[in-house]
Amino acid sequence: MTTHHTATVTATTTGAWIPGDGNGPEIAAAVRDVLAAAGAPIAWDEQSAGLGCIDWAPNGLPDATLSAIRRHKVALKGPTATPVGGGHKSVNVTIRKALELYANVRPVKSLPGVTTRFANVDLVIVRENVEDTYGGIEHMQTPDVAQCLKVITRQGSLAIARYAFELARAWGRRRVTCVHKANIHKLTDGLFLTCFQEVAADYPDIASDSALVDAVCMQLVTAPERFDVLVMPNLYGDILSDLAAGLVGGLGVAPAGNIGEDIAVFEAVHGTAPDIAGMGLANPTALLLSATQMLRHLGQHGDAGRIEAALTATLAAGIVIRGLGGSASTSAFVQAIISHLPDAIDAAASGPQARIPAAPAAPVTPSTAWVLDGVDVFVECEGVPQLPEAIGPFVLRLISNRGTKIYPGPVPDIRLVNWHRVRYIAQGPVTDDDVLALVAEVGRHYRWMHLEKLCQADGTACYSKAQGE
Ligand code: NAI
């Protein structure tokens, strides 16, 4: 049935509008034109972020922008540039973390008229959005050794797993796959996987399984149709969503939503595309599909469905933009979409229908039952550190270099760097004062730069072994 629509939602919603850097302003303007032509009842409040405001907001994110997102509760954002190496932190990461937008939802669906190696991809990547290495907690331990902390929490893992299952239910999906590397990252990814399994038990109507991230990469590029909803820690999600975008036509068609408890920011997966910025060639599809994801989040399924149908009709009519194998410019492509709007079939029912309820916060587990086992002290030293066998109530149990055991026993055939983990284990109950005395003694021999308490809970060590231990 073809319907000539007028917007069905009467109340006008407000949203923050953040054009961003590079190709951002071009695609943001294009999307705004389509939304306006569709009659989507949204009043936009334009805000800045990225390089354009770096002179007066050194982190690229003015307070006013953050306040506007908080006020409106939704935002549509163009990409913003992040310098590699030095410079300011990623504006996106800052927004996600500042607003606790814990779920990054990236639908990956084959589009008609967009020819790729696969015709029937239809999966959703649910990426944990605030934890993992994205805390950006990094230190130079020595002039030669950099370290980044990968932080996975029980609360964060439970929340994202529950979100993935709720999404599967709401979007009519059948299976959720947990993507991890728990064979190597036994504690961090192990916790993520355990939390997933715990949550899966509450959703007997949705199938669940798990797979190693490396195996998933291979399967995605050979048989992507076998996946439905995939949930994963932040870094794997960052990488796999670009990979998955490549399955359906590239970054120009990959949308995303960053979802929090009551705030959501929608943006394309792609970046500022400096190679084509300002040339009128950028594909607005990714941001347009992010916008329809936003409309559905707001309950405006009719407008979302019509815009998606107009996009589909445009692609099916052979109007293909540069980057997808065609020659249409951004503006020609947008005009074609707008021209298809009046005849667009109301495809509302074909899209995901419901806003996903936020997961209730999981209770904090107290560490009162934890027993101090010993300590890992990280020291700077060329060659194998020579340290006392015993210091106070501790005995020297292990020295490892980049995770490989070099003491006790023969030093394996590895390239030693000047950064060692020295593990002292307590011979009885110990206190923090004992730990500090140990560190002071170690410090008399070598410069130390990092300290980790070793604990056990109910006889289980809460720390990893060294390779070869
Ligand atoms: P990119 O996504 O900007 O570009 C990668 C390739 O995809 C380029 O060849 C580009 O021309 C193409 N491409 C991207 N968007 C396109 C579109 N809409 N239409 C047609 N082709 C498109 O990734 P890159 O070059 O690694 O990053 C550039 C900048 O973007 C960096 O500063 C990075 O930090 C930032 N970035 C920002 C993101 C965000 O704000 N959400 C996400 C990813 C990167």
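Below you will find a few notes about this structure. (Residues numbered from 1 in each chain as written. Predicted model: local features only at pLDDT ≥ 70, side-chain atom pairs only at ≥ 80, totals over all residues. Heavy atoms only, no water.)

A word on helix α10 (residues 330–340)
Inference 1: What α10 keeps buried is the set T330, F333, V334, A336 and I337. Projection of α10 onto a plane perpendicular to its axis shows the buried side chains occupying an angular sector of 160°, all on one side.
Inference 2: Buried positions along α10 lie against α1 (24–38), α8 (285–297) and α9 (301–316). (Buried < 20%, exposed > 50% of the residue type's maximum accessible area, 1.4 Å probe, protein only. Helix = DSSP H or I, 4+ residues; strand = E, 2+ residues; numbered from the N terminus. Arc of directions from axis to C-beta. Contact = heavy atoms within 4.5 Å.)

Observations regarding the pairing of strand β18 (residues 447–457)
Inference 1: Relative to β18, strand β13 (residues 370–380) runs antiparallel, the two being bridged by 10 bridges. For V375, the partnering residue across the bridge sits in β18 and is K453.
Inference 2: Hairpin connection, β18 to strand β19 (residues 460–461): the antiparallel pair is bridged by two residues, and D458 has positive phi, about 50°. (Pairing = 2+ DSSP bridges.)

Some points on the site of the ligand
Inference 1: Among the 19 residues in the neighbourhood of the ligand, the closest are listed as T80, N92, G271, A273 and D275.
Inference 2: Residue H270 places a side-chain N or O atom 3.1 Å away from a nitrogen atom belonging to the ligand.
Inference 3: One of the side-chain N or O atoms of D275 is found 2.8 Å from an oxygen atom in the ligand.
Inference 4: Expressed as a share of its isolated accessible area of 810 Å², the protein-covered part of the ligand is 68%.
Inference 5: Here the shell around the ligand is built from residues that sort into eight nonpolar, eight polar and three charged. (Near = heavy atom within 4 Å. Polar contact = N/O pair within 3.5 Å; in protein donor to acceptor, adjacent residues only side chain to side chain. Areas by Shrake-Rupley, 256 points an atom, 1.4 Å probe, with all protein chains shown as cover. Nonpolar A, V, L, I, M, F, W, Y, C, P; charged D, E, K, R; others polar.)

Thoughts on the packing of aromatic side chains
Inference 1: Considering all chains together, one arrives at five aromatic pairs under this definition.
Inference 2: When the centroid spacing of 4.8 Å and the interplanar angle of 55° are considered together, the rings of W17 and W44 count as tilted. Remark: W44 occurs in strand β2 (residues 42–46) and W17 occurs in strand β1 (residues 13–18); sequence separation between them is 27 residues. W44 matches W17 in its accessibility class, with the two residues each being buried.
Inference 3: Through a chain of ring-to-ring contacts, the aromatic side chains of F165, F196 and Y203 assemble into a single cluster. (Phe/Tyr/Trp six-rings, centres within 6.5 Å; stacked < 30°, edge-to-face > 60°.)

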